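What follows is the residue order along each chain.
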Amino acid sequence: MDIIEEIKRLKKEKNAIILTHCYQECEIDEVSDFVGDSLYLSRMAANTNADIIVFAGVYFMAQSAKILSPEKKVLLPNMHSGCLMADMIDVENLRKFKALHPNIPVVCYINSTAEVKAESDICVTSSNAVSVVKSLNEPKVLFVPDTYLGKWVEYKLKNVEVITYNGYCPTHLRITPEDMIKARKEHPNALILAHPECHNEVSKLADFVGSTKEIMEYAKKSDNKEFIIATEKGVVQRLNRDSKLNNWGKDFILIKESVICPNMKQNSLADIYNVLLTESNEITIDETVRLKAKNCIEKMLTVKI
Ligand code: 13P
Ligand code: SF4
């Protein structure tokens, strides 16, 4: 059986689409309708006419698709594909955090559960966090769960105090300032592009800090020929693939071989085929929670960036 052809056939038969995050194994792109970062994929999930969405990403991303498109069947290829950062905060901890800092709006990174979104005021992704917090016009905000993205927003805005929860991404925290200094020395002509989930001392040493898609767009547009990428390996693989396919003559180097999100790599083509065939691993969310979480995401989607 040619698994790629079978997936394509099932997609057509069932009016399904496959949304794929850039940290997935590259071979999944071949069967995907849209490949991108979390903001782009949530927009695609909100706009599709498909009956089934297969979300090749982590659990919170599939949940976000379901929050925005409740009438659609949303399937996660592998239920073990969760985000370690999203799992660092639950509703109980969020309530305790709010009680410690009362009457301050809660900004919630999209890397969080539906329940946490439901108890937050507005959602952000790494693409729009700075613009969304700015749009609130508040002197202080609470930011959950990623302390580094929250502190990056504070650093960029200067006039907003961002009180952060102590969550983090173990994959991005593997990158150290020493790695950045070493990369700079070894590749003096390269530009270093980093994701804001990195430690703030790492982000400050980068030439550009942005979400997955922003990094990819920056690299594509830049006249530079060599880049060090300080984010997940899947981004580097896609950039090198696209450079070869389109004759960009650009070289992309992963800052460190271990910058791999093991959970993102759980989904395989076989899992995608299985969930499409059996319509298993369906995401379900309590309707009261969903409506509140939807409000939190939709507020974000109305902010112009
Ligand atoms: P993006 O918003 O850049 O897709 O990031 C999601 C993520 O989980 C990064 O680790
Ligand atoms: Fe979560 Fe980090 Fe993996 Fe992104 S890279 S999905 S934040 S664990």
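Residues numbered from 1 in each chain as written. Chains lettered and ligands numbered in written order. Predicted model: local features only at pLDDT ≥ 70, side-chain atom pairs only at ≥ 80, totals over all residues. Heavy atoms only, no water.

Participant: How should the overall build of the protein chain be read in this particular structure?
Facilitator: Scanning the protein chain for helices and strands turns up 13 helices and twelve strands. The C-alpha radius of gyration of the protein chain comes to 19 Å, within 12% of the 19 Å expected for a compact globule of 305 residues. For the protein chain, buried positions account for 56% of its 305 residues. Excluding contacts between residues fewer than 6 apart, the proportion of contacts in the protein chain whose partners are at least 24 apart in sequence is 65%. Only carbon and sulfur atoms are counted for the fraction: they give 49% of the accessible area of the protein chain, which is about 13,300 Å². (Helix = DSSP H or I, 4+ residues; strand = E, 2+ residues; numbered from the N terminus. Rg over C-alpha atoms; globule rule 2.2 N^0.38 Å. Buried < 20%, exposed > 50% of the residue type's maximum accessible area, 1.4 Å probe, protein only. Contact = heavy atoms within 4.5 Å. Areas by Shrake-Rupley, 256 points an atom, 1.4 Å probe, with all protein chains shown as cover.)

Participant: Honestly, the site of ligand 2 in this entry has me stumped. Any pointers?
Facilitator: In the region of ligand 2, the neighbouring residues are Tyr-23, Val-58, Cys-83, Leu-84, Asn-111, Cys-169, Glu-197, Cys-261 and Met-264. Of the residues that constitute the shell around ligand 2, the class distribution is seven nonpolar, one polar and one charged. (Near = heavy atom within 4 Å. Nonpolar A, V, L, I, M, F, W, Y, C, P; charged D, E, K, R; others polar.)

Participant: I'm lost on the pattern of salt bridges in this one. Help?
Facilitator: Where charged atoms of side chains with opposite charge meet at close range, the side chains can pair. The final tally for this structure, using the stated rule, is 22 salt bridges. In this structure, Glu-119 and Lys-98 form a salt bridge, with 3.9 Å as the shortest nitrogen-oxygen distance. Here the residue Glu-119 occupies a position in the loop between helix H5 (114-118) and strand E6 (122-124), and Lys-98 occupies one in helix H4 (residues 91-100), the gap between them amounting to 21 residues. For Lys-256, the salt bridge identified is with Asp-179, shortest N-O distance 2.9 Å. With Lys-256 in the loop between strand E12 (251-254) and helix H12 (269-278) and Asp-179 in helix H8 (residues 177-186), the pair connects residues that are 77 residues apart, well separated along the chain. The buried category is assigned to Asp-179, whose relative accessible area is 16%. In this structure, a network of salt bridges that share partners links the residues Asp-29, Arg-238, Arg-241 and Asp-242. (Salt bridge = Lys/Arg side-chain N within 4 Å of Asp/Glu carboxyl O.)

Participant: Sorry, what's going on with helix H1 (residues 3-14) here?
Facilitator: Spanning twelve residues, H1 covers 16 Å between terminal C-alpha atoms, matching the ideal 16 Å at 1.5 Å per step. For H1, every residue scored as buried is listed here: Ile-4, Glu-6, Ile-7, Leu-10, Lys-11 and Lys-14. For H1, the buried positions fall inside an angular range of 160° around the axis, keeping them on one side. Facing away from the buried side of H1 by over 90 degrees, the exposed positions are Lys-12 and Glu-13. Of the residues that open H1, the one with a side-chain oxygen 3.1 Å from the backbone nitrogen of Ile-4 is Asp-2. A positive phi of about 50° marks Asn-15, the residue just after H1. (Expected span 1.5 Å × (residues − 1). Arc of directions from axis to C-beta. Polar contact = N/O pair within 3.5 Å; in protein donor to acceptor, adjacent residues only side chain to side chain.)

Participant: In this structure, what is going on with the packing of helix H10 (residues 212-221) against helix H11 (residues 233-245)? I would like to understand it.
Facilitator: Any two packed helices are characterised by the angle at which their axes cross and by the distance between the axes. Packing of H10 against H11 brings their axes to within 11 Å, and their N-to-C directions diverge by 30°. Classified by the interaxial angle, the pair formed by H10 and H11 is roughly parallel. Of the two elements, H10 crosses H11, and the hand of that crossing is right-handed. Across the interface between the two elements, Thr-212, Ile-215, Met-216 and Ala-219 of H10 pack against Val-235, Arg-238 and Leu-239 of H11. For the contact of H10 with H11, the per-class residue count stands at five nonpolar, one polar and one charged. (Axes fitted to C-alpha atoms, helices over the stretch in contact; angles between N-to-C directions. Parallel < 35°, antiparallel > 145°, perpendicular 65-115°, else oblique. Left-handed = near helix turned anticlockwise from the far one by under 90°.)

Participant: What exactly am I supposed to notice about the sheet that holds strand E1 (residues 16-21) here?
Facilitator: As summarised here, the arrangement of the four strands in space is E2-E1-E3-E4, forming an open sheet in which the pairing is parallel. Looking at which strands have only one partner, the edges of the open sheet turn out to be strand E2 (34-36) and strand E4 (73-75). Pairs of neighbouring strands in the sheet enclose a mean axial angle of 20°, with direction left out of account. Two elements, strand E3 (residues 52-56) and E4, share three bridges in a ladder whose sense is parallel. Considered in E4, the bridge of Ile-52 is made with Lys-73. Packing against the sheet, H12 makes contact with E1, E3 and E4, and its axis sits at approximately 160° to E3. (Pairing = 2+ DSSP bridges.)

Participant: Hey, could you run me through the pairing of strand E9 (residues 191-194) in this one?
Facilitator: The side chains of a regular strand alternate between both faces of the sheet. Both faces of E9 are covered, namely the face carrying Leu-191 and Leu-193 and the face carrying Ile-192 and Ala-194. With two bridges connecting them, E9 and strand E10 (residues 208-209) associate as parallel partners. Among the inter-strand pairings, Leu-193 is bridged to a residue of E10, identified as Phe-208.

Participant: I would appreciate a short explanation of the site of ligand 1 in the present structure.
Facilitator: Around ligand 1, the surrounding shell consists of His-21, Tyr-23, Asp-37, Ser-38, Tyr-109, Asn-111, Ser-126, His-172, His-195, Glu-197, Ser-211 and Thr-212. Between ligand 1 and the protein, one listed contact pairs an oxygen atom with a side-chain N or O atom of Ser-38 at 2.5 Å. In the model, an oxygen atom of ligand 1 is placed 3.0 Å from a nitrogen or oxygen of the Asn-111 side chain. With the chains in place, 96% of the 300 Å² that ligand 1 exposes on its own is no longer accessible. Residue classes in the shell around ligand 1 are distributed as two nonpolar, eight polar and two charged.

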